[in-house]
Amino acid sequence: MNELINVAVNEHGKLEVDGRALHMQLGIGTEYMKWVERYFTPYGFVEGTDYIVKTDDVLSDKRERTYTATTHKLTVSMAKELAML
């Protein structure tokens, strides 16, 4: 069976799903951060329990500059619930 989305093991040995990858795989039409605002808190997901926030410096090829990108590392349970919404 082909893997639909990557599930990784974090530094604490827990399974996690990248929020941006899930957003892309689900084909969500809105921007990532707007999707996060719309679903994370209103549906009762808790930072530190259901997800953690990660920021990375990313080099943009288009604009030739570095910017900070925010993503979320989700528990598998949270990723499943979001996929069902």
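Going by the structure above, here's the rest.
Per chain, the residues get numbers from 1 upward, laid out in the order the sequence is written. Thresholds applied to this predicted model are a pLDDT of at least 70 for local features of residues and 80 or more for the giving and counting of side-chain atom pairs; totals over whole chains, interfaces and linings are not thresholded and use all residues. Values shown for side chains rest on all heavy atoms present in the structure; no hydrogens or waters enter the calculation.

## A look at the sheet that holds strand β2 (residues 15-18)
Now for step 1: Strand pairing is assigned whenever DSSP identifies at least 2 bridges connecting the two strands. Each helix is a run of H or I in the DSSP string that is no shorter than four residues. Each strand is a run of E no shorter than two, and both are numbered from the N terminus. Ordered in space as β1-β2-β4-β3, the 4 strands form an open sheet in which the pairing is antiparallel. The open sheet has two edge strands, β1 (7-9) and β3 (51-60), and neither has a second partner. Across the sheet, the axes of successive neighbouring strands diverge by a mean angle of 40°, strand direction being ignored.
Now for step 2: By definition in these notes, contact holds between two residues if any of their heavy atoms fall within 4.5 Å. For helices, the axis comes from a line fit to the C-alpha atoms of the stretch in contact; other axes are also lines fit to C-alpha atoms, and the angle between any two N-to-C directions lies between 0 and 180 degrees. In this fold helix α3 (residues 76-84) packs onto β1, β2, β3 and β4 (65-74), with an angle of close to 95° to the strand it touches most, β4.

## Thoughts on the side chain of Asp50
Now for step 1: Inspection of the secondary structure puts Asp50 in the loop between α2 (32-39) and β3.
Now for step 2: As a buried residue without a salt bridge, Asp50 has its nearest oppositely charged side chain in Lys14, at a separation of 11 Å.
Now for step 3: Contact partners of Asp50, with chain neighbours within four places excluded, come to Gly44, Phe45, Lys73, Leu74, Thr75 and Met78. A simple rule labels every residue: compare its accessible area, found with a 1.4 Å probe on the protein chains alone, to the largest value its type can have, and call it buried under 20%, exposed over 50%, or partly exposed in between. For the purpose of charge, His is not counted, nor are the chain termini; Lys and Arg are scored as positive and Asp and Glu as negative. Salt bridge, as applied in this entry: a Lys or Arg side-chain nitrogen positioned within 4 Å of an Asp or Glu carboxyl oxygen.

## With respect to the packing of aromatic side chains
Now for step 1: Two rings belonging to Phe, Tyr or Trp (six-membered ring only in the last case) form a pair when the distance between their centres is within 6.5 Å. Interplanar angles under 30 degrees mark stacking, angles over 60 mark edge-to-face geometry, and anything in between is tilted. Enumeration over the complete set of coordinates arrives at 6 aromatic pairs.
Now for step 2: When the ring of Trp35 is compared with that of Phe40, the centres are 5.9 Å apart and the planes differ by 70°; the resulting orientation is edge-to-face.
Now for step 3: When its relative accessible area of 3% is taken as the criterion, Trp35 is described as buried.
Now for step 4: Ring plane angle 15° and centroid distance 5.4 Å describe the contact between Tyr39 and Tyr43, whose orientation is recorded as stacked.
Now for step 5: Judged by relative accessible area, which is 47%, Tyr43 ranks as partly exposed.
Now for step 6: Here the aromatic cluster, defined as three or more aromatic residues joined through ring pairs, consists of Tyr32, Trp35, Tyr39, Phe40, Tyr43, Phe45 and Tyr51.

## Observations regarding the pattern of salt bridges
Now for step 1: Inspection of every chain in the model, using the stated rule, returns 1 salt bridge.
Now for step 2: The shortest N-O distance in the salt bridge between Lys73 and Asp18 comes to 3.0 Å. On the criterion of sequence distance, the pair formed by Lys73 in strand β4 and Asp18 in strand β2 is long-range, its members being 55 residues apart.

## Notes on the pairing of β3
Now for step 1: Across 10 bridges, β3 lies against β4 in antiparallel orientation. For Tyr51, the partnering residue across the bridge sits in β4 and is Leu74.
Now for step 2: Taking the residues between adjacent antiparallel strands as the criterion, β3 and β4 are bridged by 4 residues, where Glu64 takes a positive phi near 50°.

## A closer look at the side chain of His72
Now for step 1: Inspection of the secondary structure puts His72 in strand β4.
Now for step 2: Its relative accessible area of 4% is what places His72 among the buried residues.
Now for step 3: Counting of polar contacts relies on pairs of N or O atoms within 3.5 Å, with two restrictions inside protein: one atom must be capable of donating a hydrogen and the other of accepting it, and residues adjacent in sequence are counted only when both atoms are side-chain atoms. Within polar-contact distance, the side chain of His72 engages the side chain of Tyr32 at 2.6 Å.
Now for step 4: Apart from the residues lying within four places of it in its own chain, the contact partners of His72 are Val17, Asp18, Gly19, Tyr32, Met33, Val36, Phe40, Tyr51, Ile52 and Val53.

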